[in-house]
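# Chains, contacts and geometry: an overview
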Amino acid sequence: MERHWKVGGLAKLTGLTVRTLRFYDQTGLFSPSGRTDSGHRLYNEADLSQLQQIVSLKELGLSLEEIKSILGGEQISALEIVNLQTGRVKEQIRQQQILLEQLQHVSKLMQGKTALAVEDFTRLLQAMKISHEKLVVERHTSWVYRLDSLGDFLAGANNGLESEED
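Residues numbered from 1 in each chain as written. Predicted model: local features only at pLDDT ≥ 70, side-chain atom pairs only at ≥ 80, totals over all residues. Heavy atoms only, no water.

Now for the overall build of the protein. Check the secondary structure of the protein and you find six helices and three strands. Each helix and strand of the protein, ordered N terminal to C terminal, gives the series β-α-α-β-β-α-α-α-α. Here the analysis covers contacts within the protein between residues at least 6 apart in sequence; of these, 54% occur between residues at least 24 apart. Accessible surface for the protein amounts to roughly 11,600 Å². Of this, 56% is attributable to carbon and sulfur atoms. (Helix = DSSP H or I, 4+ residues; strand = E, 2+ residues; numbered from the N terminus. Contact = heavy atoms within 4.5 Å. Areas by Shrake-Rupley, 256 points an atom, 1.4 Å probe, with all protein chains shown as cover.)

This is the structure:
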């Protein structure tokens, strides 16, 4: 038996906001495979797979228009998307490994009471800068998600007030 989710259930399942899923539907990027008799969006497992591709491509830095073009033209397979993500994660690990090695090197020099050379500081600062930039992007993404959630909450509260007024 195939499973189905309404937009709220899919939002909870994926960590995306209802607002984001509705926006994706309105722009034609990601539409539900069905609707209930009362018009509620219904998503199935195939929709979930497509959503994973969208989120993966977004994480890779593509715009929503680029993602829509890629998915519409089927220029890239689900496997290729996963492989791209794998490459991205490996690069992040490599960058973190460089930072770790630089920190360990500086620590070792400091423990031995050896004077640090300018090159030691610059390599450490460069590794820290790359790591910091990644953290800033992650925080930005987190704040966008939180603001979307707040918007959903406020929209729900406003809808409740409107229905009470009717």
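Once you've had a look at it, read on.
Between helix H3 (residues 45–59) and helix H4 (residues 64–73), the least distance of the axes is 10 Å, while the angle of their chain directions is 135°. Regarding the angle of H3 to H4, the classification is oblique. The crossing of H3 and H4 is right-handed. Contact residues: Gln50, Gln53, Ile54, Leu57 and Lys58 in H3; Leu64, Ile67, Ile70 and Leu71 in H4. A class-by-class count of the residues in the contact of H3 with H4 yields six nonpolar, two polar and one charged. (Axes fitted to C-alpha atoms, helices over the stretch in contact; angles between N-to-C directions. Parallel < 35°, antiparallel > 145°, perpendicular 65-115°, else oblique. Left-handed = near helix turned anticlockwise from the far one by under 90°. Nonpolar A, V, L, I, M, F, W, Y, C, P; charged D, E, K, R; others polar.)

The predicted model of the protein has a mean per-residue pLDDT of 80, with 77% of residues at 70 or higher. Confidence drops under a pLDDT of 50 for residues 162–166, and excluding neighbours within four residues, the segment shows zero contacts in the predicted structure. (pLDDT = per-residue confidence, 0-100.)

Judged by nonpolar contacts, the single largest core of 19 residues is most densely connected at Leu10, Leu21, Phe30, Leu51 and Ile54. For this core, the secondary-structure elements that each account for two or more residues are helix H1 (7–14), helix H2 (18–26), H3 and H4. (Core = buried A, V, L, I, M, F, W, Y, C linked by side-chain atoms within 4.5 Å. Buried < 20%, exposed > 50% of the residue type's maximum accessible area, 1.4 Å probe, protein only.)

Another point: the sheet that holds strand S3 (residues 41–44). Each strand in a sheet pairs with another by means of backbone hydrogen bonds, the pair being arranged parallel or else antiparallel. What the three strands build is an open sheet, ordered S1-S3-S2; its pairing is antiparallel. Looking at which strands have only one partner, the edges of the open sheet turn out to be strand S1 (4–5) and strand S2 (34–35). Pairing geometry for S1 and S3, over two bridges, is antiparallel. Its bridge partner being in S3, His4 is matched across the sheet by Asn44. (Pairing = 2+ DSSP bridges.)

Here the focus is the pattern of salt bridges. Taken as a whole and judged by the stated rule, the model has four salt bridges. Each of the salt bridges in this network shares a partner with another, and the network as a whole consists of Asp25, Arg35 and Arg41. (Salt bridge = Lys/Arg side-chain N within 4 Å of Asp/Glu carboxyl O.)

Tracing the backbone through its elements, the reader meets Gln102 in helix H5 (residues 78–111). Looking at Gln102, the relative accessible area reads 14%, which means it is buried. When near neighbours in sequence (up to four residues on either side) are disregarded, Gln102 contacts Asp120, Arg123, Leu124 and Ala127.

Once that is clear, we can look at the packing of H1 against H2. The geometry of H1 relative to H2 is characterised by a closest axis approach of 9 Å and an angle of 115° between their N-to-C directions. Both H1 and H2 take part in a crossing whose hand is right-handed. Facing H1, whose interface residues are Val7, Gly8, Leu10 and Ala11, H2 presents Val18, Leu21 and Arg22. Its residues placed into classes, the contact of H1 with H2 shows five nonpolar, one polar and one charged.

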